[in-house]
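Read off the chains here:
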2 protein chains.
Amino acid sequence: MAADNHLVIMAGGVGSRLWPLSSPQFPKQFLDLLGSGKSLLQLTFDRFSPLIEPANTWVVTSEAYAPIVHEQLPLVPEGNILREPLARNTAPCIAYASWKIKSLNPKANIVVSPSDHLILDVEAFQKVIATSLKFVDESDSIVTLGMKPTRPETGYGYIQVDLSASCLRNKNIFRVDAFHEKPDLETAKTYVADSNYFWNAGIFVWNVSTIVNALRIYAPEISQRFESLLSIYGTQAEQQEVNKAYVACESISIDYAVLEKADEIFCYPASFGWSDLGSWRALYDNTEHDRFGNSLRGDVTAIDTQNCIIRTTEGKKVVVQGLDGYLVVEKENALLICKLTDEGIIKTIDR
Amino acid sequence: MAADNHLVIMAGGVGSRLWPLSSPQFPKQFLDLLGSGKSLLQLTFDRFSPLIEPANTWVVTSEAYAPIVHEQLPLVPEGNILREPLARNTAPCIAYASWKIKSLNPKANIVVSPSDHLILDVEAFQKVIATSLKFVDESDSIVTLGMKPTRPETGYGYIQVDLSASCLRNKNIFRVDAFHEKPDLETAKTYVADSNYFWNAGIFVWNVSTIVNALRIYAPEISQRFESLLSIYGTQAEQQEVNKAYVACESISIDYAVLEKADEIFCYPASFGWSDLGSWRALYDNTEHDRFGNSLRGDVTAIDTQNCIIRTTEGKKVVVQGLDGYLVVEKENALLICKLTDEGIIKTIDR
């Protein structure tokens, strides 16, 4: 475990797509969505623990979620929980964490990871991360992880890779030609047919110099704010000054702000069973079903019912009859019943 | 309002058929099922209030429900709430109330009514009751109310009436030929086709001498127990002795114990819009629907949804999409979703 390896877990998501299980009060990353006994955040932490020490693990989240993070990851020092006063997408989040880490270790190598994704083959994942960390330790490269697409998914961004241009130092890592936003179905089909396209998993690996330099060049307004706080990090004034910086920053993703503009972007194509669990359908596809195709959790009696996801509050006696392909989610003060094929209605709900 | 008129409301039902809205903790008669702001018990009391004084109104219920009755009917003297130590069907309930009333007024005329039925035309109902009370004041007759059937209902008992044999004193009241238990569908169809058959609404009118004599003859084991307590009613020992009597009584309905055996049974056929609200379908048929055929109560957003009954807890945000002909009931620690046509599954649920 290299002492220079750092992990930044982005845990600020507000959990709108898996409503009502996930909610702004308790979003997806803090839930045990898979029934493993651990939250997605905890699974994320565990996945990296053989590679990165808890003292080098940073969690960026909103002020409101900091106590939940502290409770769920007691090994992470409380000072490593970075509090965002408001959501500004991933670029300010990564800038804050990068300069904070740089202030402590200018030679740090960093993995940036979402907190709420699923990875099935953890060993394969760890090999990819270890290799990537070594790779960025030795070069000023930005490495993204590309997932081999298994279907023409329109909910993900794609990375177009030049598979003829592998790196000299690692033949598994390739130069990126372009990033593509979420496509329509027809375009997604052409991507899947073309072996050069990969899902953008939102996992990035770089050394701290590379990312701060890239931010300086491509996002100077953001980088200046966090660079100017170098003498403030670790002092009493940090939170107050960071809050000011956030308010002043535009809300922009690291993809838009840096990756799509920068050179020297690489992709490590991999297949370790990945999902962003960004929809009920995705959760359905990644959880076990009974022989009727139901994914049930709780005290559920399902009669003449198939292909359903049912999630309800502990202690609730649930009887469901005559449903096929429905989502039934009950939590605290909300109840959702809808067709799995129509879960898009969740977005339209005025919560 | 004749001082001799008494009302016995039977309010001991345990509410299994409208689960989970209705439950053993808070059964149907205590619920505002119709959204009128009053429980079915309160509506029952109100319906009789122009005819019978609160002081002459008796409510027979279980020990556990007595506080609910007292809260919902504050005008009824607490001593008029008769507590059953356990459910023994309607014969012991009516025997207890009859001897209790007889101990106070041997000239009483009594209406016995369920607490959880719906009556739409209250004025027409009151005329029928007033006429029946007058009728039994002047004769030793048992009067039952027969509802003109509007469909071949298999959930009700039927009264076969000799429409050629109206009473001399009242041409609207007829001699009963026979009582018939809940029929199968084919039989129900023949009943509906034959104008001599009426639904048994479970509402009885008699004077106290008539019913106690009938009980003495046809149900001597029950009647002896409650007759032997004549000197005990109104004393400190009443509850204890009544409890002993109940334990010793067999569980039997007044229909089986008396009506099917007795002579001089009359029926007052009527049409004032009656339902026993004994099923979700019955409730659906008797509540207002929106233009999509939905009967919704609570904070419900219904999308692409029709012909559904939805009842949920106050304060619960409910979103339902893509359901046709379903029942969705959420209450405290229970949630039921089933096809309205298959509500019979409720009986099979291990609660």
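Residues numbered from 1 in each chain as written. Chains lettered and ligands numbered in written order. Predicted model: local features only at pLDDT ≥ 70, side-chain atom pairs only at ≥ 80, totals over all residues. Heavy atoms only, no water.

**Some points on the sheet that holds strand β17 (residues 334-339) of chain A**
The strands making up a sheet associate through backbone hydrogen bonding, with each pair oriented either parallel or antiparallel. Across the sheet, six strands lie side by side as β12(A)-β14(A)-β16(A)-β17(A)-β15(B)-β13(B); this open sheet has mixed pairing. Strands with a single pairing partner mark the edges of an open sheet, and in this sheet they are β12 (295-297) of chain A together with β13 (299-303) of chain B. If you compare each strand with its neighbour and ignore which way they point, the axes differ by 10° on average. The pairing of strand β14 (residues 309-311) of chain A with strand β16 (residues 326-331) of chain A spans three bridges and is classified as parallel. Residue pairing for β16 of chain A: Ile-309 of chain A is matched across the bridge by Leu-327 of chain A. (Pairing = 2+ DSSP bridges. Helix = DSSP H or I, 4+ residues; strand = E, 2+ residues; numbered from the N terminus. Axes fitted to C-alpha atoms, helices over the stretch in contact; angles between N-to-C directions.)

**Here's the deal with the packing of helix α3 (residues 90-104) of chain B against helix α8 (residues 238-248) of chain B**
All names here are of chain B. Two numbers describe how α3 lies on α8: the axes approach to 11 Å, and their chain directions differ by 145°. Our pair here, α3 against α8, has a crossing hand that is right-handed. Residues Pro-92, Cys-93, Tyr-96 and Lys-100 of α3 lie in contact with α8, whose contacting residues are Glu-238, Val-242 and Tyr-246. (Left-handed = near helix turned anticlockwise from the far one by under 90°. Contact = heavy atoms within 4.5 Å.)

**Notes on the pairing of strand β16 (residues 326-331) of chain B**
Residues and elements named next belong to chain B. Burial runs high along β16: six of the six residues are buried. Burial along β16 is two-sided: the residues Tyr-326, Val-328 and Glu-330 and Leu-327, Val-329 and Lys-331 are all buried. Where β16 lies against strand β17 (residues 334-339), six bridges are found, and the strand directions are antiparallel. Counterpart to Leu-327 in the pairing with β17 is Cys-338. (Buried < 20%, exposed > 50% of the residue type's maximum accessible area, 1.4 Å probe, protein only.)

**Overview of the pairing of strand β8 (residues 174-180) of chain B**
Residue and element names in this part refer to chain B. One ladder, built from six bridges, connects strand β7 (residues 158-166) with β8; its direction is antiparallel. From the neighbouring strand, Tyr-158 faces β8, where its bridge partner is His-180. Pairing analysis gives two bridges linking β8 to strand β10 (residues 265-270), with the strands arranged antiparallel. By the bridge assignment, Phe-174 is partnered in β10 with Cys-267.

**Structural notes on the interface of chain A and chain B**
Opposite the 27 residues of chain A that make contact, chain B presents 27 residues. Taken over both partners, the interface formed by chain A and chain B buries close to 2,200 Å², and the fraction arising from carbon and sulfur atoms is 59%. When the buried surface of chain A facing chain B is broken down by residue, Gln-321, Leu-335 and Ile-337 of chain A rank first, second and third, together holding 29% of it. Linking chain A with chain B are 20 residue pairs in polar contact (both at pLDDT 80 or more). For the side of chain A that touches chain B, the secondary structure elements donating two or more residues are β15 (317-321), β16 and β17 of chain A. The residue makeup of the side of chain A that touches chain B, split by class, is 15 nonpolar, five polar and seven charged. (Buried area = accessible area lost by both parts, 1.4 Å probe. Polar contact = N/O pair within 3.5 Å; in protein donor to acceptor, adjacent residues only side chain to side chain. Nonpolar A, V, L, I, M, F, W, Y, C, P; charged D, E, K, R; others polar.)

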